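The primary structure of each chain is shown beneath.
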Amino acid sequence: MGIADQFKDKAQKLADQGKQKADQGKDAARDRAEDTSGRDDGKSGLKDRADDAADKARER
């Protein structure tokens, strides 16, 4: 096996590793997105309170 073949093999291995890591990153990001989409974090409660305050201000 010549040096050129060794470089090609090494380049292919590195490319495969990069693809695997990129896929793992996408999977992890998808999992985090699914985890956070289920959480409310109290933001809708704050929005409701803000809407109520705006309604009261309009009534005055």
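Everything here concerns the structure above.
First things first, this report covers the structure right here in the doc.

Of regular secondary structure, the protein chain possesses 2 helices and 0 strands. Split into buried and exposed, the 60 residues of the protein chain put 0% on the buried side. Of the roughly 5,700 Å² that the protein chain leaves accessible, carbon and sulfur atoms contribute 50%.

What follows is about the pattern of salt bridges. Enumeration according to the criterion identifies 2 salt bridges in this entry. When the shortest N-O distance is used, the salt bridge between arginine 30 and aspartate 27 registers 3.1 Å. Of the two residues, arginine 30 and aspartate 27 are both situated in helix H1 (residues 3-37); the distance of 3 residues between them amounts to about one turn of the helix. Here aspartate 55 and arginine 58 are joined by a salt bridge, their closest N and O atoms 2.7 Å apart. Residue aspartate 55 and its partner arginine 58 are located together in helix H2 (residues 43-59), separated by 3 residues, close to a single helical turn. Classification of aspartate 55 as partly exposed rests on a relative accessible area of 36%.

Calculation notes
Residues numbered from 1 in each chain as written. Predicted model: local features only at pLDDT ≥ 70, side-chain atom pairs only at ≥ 80, totals over all residues. Heavy atoms only, no water. Helix = DSSP H or I, 4+ residues; strand = E, 2+ residues; numbered from the N terminus. Buried < 20%, exposed > 50% of the residue type's maximum accessible area, 1.4 Å probe, protein only. Areas by Shrake-Rupley, 256 points an atom, 1.4 Å probe, with all protein chains shown as cover. Salt bridge = Lys/Arg side-chain N within 4 Å of Asp/Glu carboxyl O.

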